[in-house]
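# Observations on chain architecture
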Amino acid sequence: MRRAVLIISFIISAQVLPAQQTLEDINSTLKNLYLRLNTATEDTTRCQVNDSIDLYINSYVNSKSVFTKNLRDLRYLGQITSPDSLLKIVTWNLALENHKGFFYSYIIRRKSKEEPATIYRLSSPYNETPILSDTTYSQSEWYGALYYDTRPVRIKGNNCWIVLGINPADPLITRKIIDVISFNESDSIMFGKKIFLNERLRNRVVFQYESAGMMTLRFNSDTSIVFDHLVPVGATSDNRPLYGADYSYDSYTFTNGTWAFSKNFDARNKE
């Protein structure tokens, strides 16, 4: 009974405290919660702790300082802000032992630096189903990813953001994604636009490679994305192909509203 009371007390305090705490307090509490999450062995406990993490992150993204101050020294929390300071993305994932894990994200968007931000909360269970390159996804259809970089682009007069992300949900295959975030006339978030040209136009670029391997995918500039060229290295037990990097590089370059593919990019430092 005492253990049950302690758990209930912890959850209730997590629901009450975030709004009353400073950014430093929230930062410190999140550090402790992530430590508790990483040492928990039961899925039930991990889910309870993650609920508290979500509450504190929600408090942070709703604060006035979300675009000017990052939470610090949180290894398992991704935070990226676009160079135009109009979009911020906070992402993390919850791995579970006996159930599917989850991806979580808060996307914070403002139309100008003077206007209040709109906050979008996304979640998606781990899914081994391939991420489609020829469709758009809405907020409720989000495929789940940990985004680690972004750049703003103008497409047909509208503000959009190119994002780079990783999806490690499949134990055998890791996916990396080049996608585009935009907002429709009703301010609903959309993922994907037909602006990636490689033989034909696609809504996004999805790479799959062996989970034990590594793949580089990064912005070389605001208008250039560089990545490892992938080649077949085998197959999974269910005959899905496995790919790995061969130490050459390809790229996408933004020109006239389209990101066009090019082979054999010279990634050496020109100097």
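The structure reproduced in this document is the subject of the present report. Predicted model only: the values in this text are computed from it and were never measured.

Mapped onto the elements, R109 comes out in strand β3 (residues 102-109). Residue R109 is classed as buried on the basis of its relative accessible area of 13%. Of the polar contacts made by the side chain of R109, one reaches the side chain of D187; its length is 3.1 Å.

Turning our attention to the pattern of salt bridges. If the charged atoms of two oppositely charged side chains come close together, the side chains can form a pair. A complete count under the given rule lists ten salt bridges for this structure. The closest approach of N and O atoms between D73 and K31, which form a salt bridge, is 3.7 Å. A residue pair is termed long-range when its members are at least 10 positions apart, and D73 in the loop between α3 (43-61) and β1 (78-81) and K31 in helix α2 (residues 23-39) qualify at 42 residues. A relative accessible area of 60% places D73 in the exposed class. K31 sits in the partly exposed class, given a relative accessible area of 36%. Shared partners join several salt bridges into a network, and the residues in it are E24, K31, R72 and D73.

Taken as a whole, this structure holds 16 aromatic pairs when the rule is applied. In textbook terms, an aromatic cluster arises when at least three aromatic residues are bridged by ring pairs, as seen for F196, F207, F227, Y252 and F261. Over the ring of F183 we find R109; its NZ or CZ atom is 4.2 Å from the centre of that ring. Directly above the ring of F67 sits R110, whose terminal nitrogen or CZ lies 3.9 Å from the centroid.

Next up on the list: α2. Over its 17 residues, α2 runs 25 Å from end to end, which matches the ideal 24 Å to within 8%, given 1.5 Å per residue. Of all the residues in α2, the buried ones are I26, N27, T29, L30, L33, Y34 and L37. Looking straight down α2, one finds its buried side chains confined to an arc of 165°; they lie on one side. Pointing more than 90 degrees away from the buried face of α2 are the exposed residues L35 and T39.

With that out of the way, let us pick up the packing of α2 against α3. Two numbers describe how α2 lies on α3: the axes approach to 10 Å, and their chain directions differ by 160°. As far as their axial angle goes, α3 and α2 are roughly antiparallel. Viewed along their axes, α2 and α3 form a crossing whose handedness is left-handed. On α3, the residues that touch L23, I26, T29, L30, L33, Y34, R36, L37 and N38 of α2 are T45, R46, V49, N50, S52, I53, Y56, I57, S59 and Y60.

With that settled, consider the pairing of strand β2 (residues 87-94). The element β2 is largely enclosed, with a buried count of seven among its eight residues. Here β1 runs beside β2; their pairing, made up of four bridges, is antiparallel. Along β2, the bridge assignment pairs I80 with I89. Count of turn residues in the β1/β2 antiparallel hairpin: five residues, of which S85 carries a positive phi of about 60°.

Another aspect to go through is the nonpolar core. Counting residues in hydrophobic clusters, the biggest one holds 24 residues, and the most contacted among them are I89, I107, Y143, Y147, I181 and F191. The biggest single contributor to this core is strand β8 (residues 173-183), with three residues. Judged by nonpolar contacts, the second largest core, of 23 residues, contains L37, Y56, V90 and Y104.

Of all eleven residues that make up β8, eleven are buried, and the element is covered over most of its length. Judged by which residues are buried, β8 turns out to be covered on both faces: I173, R175, I177, D179, I181 and F183 on one side and T174, K176, I178, V180 and S182 on the other are all buried. Sheet topology note: the strand β7 (residues 158-167)/β8 ladder contains seven bridges and is antiparallel. Following the sheet pairing, I166 is matched in β8 by K176. The hairpin turn running from β7 into β8, its antiparallel successor, is five residues long. For β8 and strand β12 (residues 205-210), the ladder comprises six bridges, and the chain directions are antiparallel. Bridge pairing in β12 links K176 to F207. Two strands pair when backbone bridges link them, and β8 and strand β9 (residues 189-191) are joined in this way by three bridges, in the antiparallel orientation.

Basis of the calculations
- Residues numbered from 1 in each chain as written.
- Predicted model: local features only at pLDDT ≥ 70, side-chain atom pairs only at ≥ 80, totals over all residues.
- Heavy atoms only, no water.
- Helix = DSSP H or I, 4+ residues; strand = E, 2+ residues; numbered from the N terminus.
- Buried < 20%, exposed > 50% of the residue type's maximum accessible area, 1.4 Å probe, protein only.
- Polar contact = N/O pair within 3.5 Å; in protein donor to acceptor, adjacent residues only side chain to side chain.
- Salt bridge = Lys/Arg side-chain N within 4 Å of Asp/Glu carboxyl O.
- Phe/Tyr/Trp six-rings, centres within 6.5 Å; stacked < 30°, edge-to-face > 60°.
- Lys NZ or Arg CZ within 6 Å of the ring centre and 35° of its normal.
- Expected span 1.5 Å × (residues − 1).
- Arc of directions from axis to C-beta.
- Axes fitted to C-alpha atoms, helices over the stretch in contact; angles between N-to-C directions.
- Parallel < 35°, antiparallel > 145°, perpendicular 65-115°, else oblique.
- Left-handed = near helix turned anticlockwise from the far one by under 90°.
- Contact = heavy atoms within 4.5 Å.
- Pairing = 2+ DSSP bridges.
- Core = buried A, V, L, I, M, F, W, Y, C linked by side-chain atoms within 4.5 Å.

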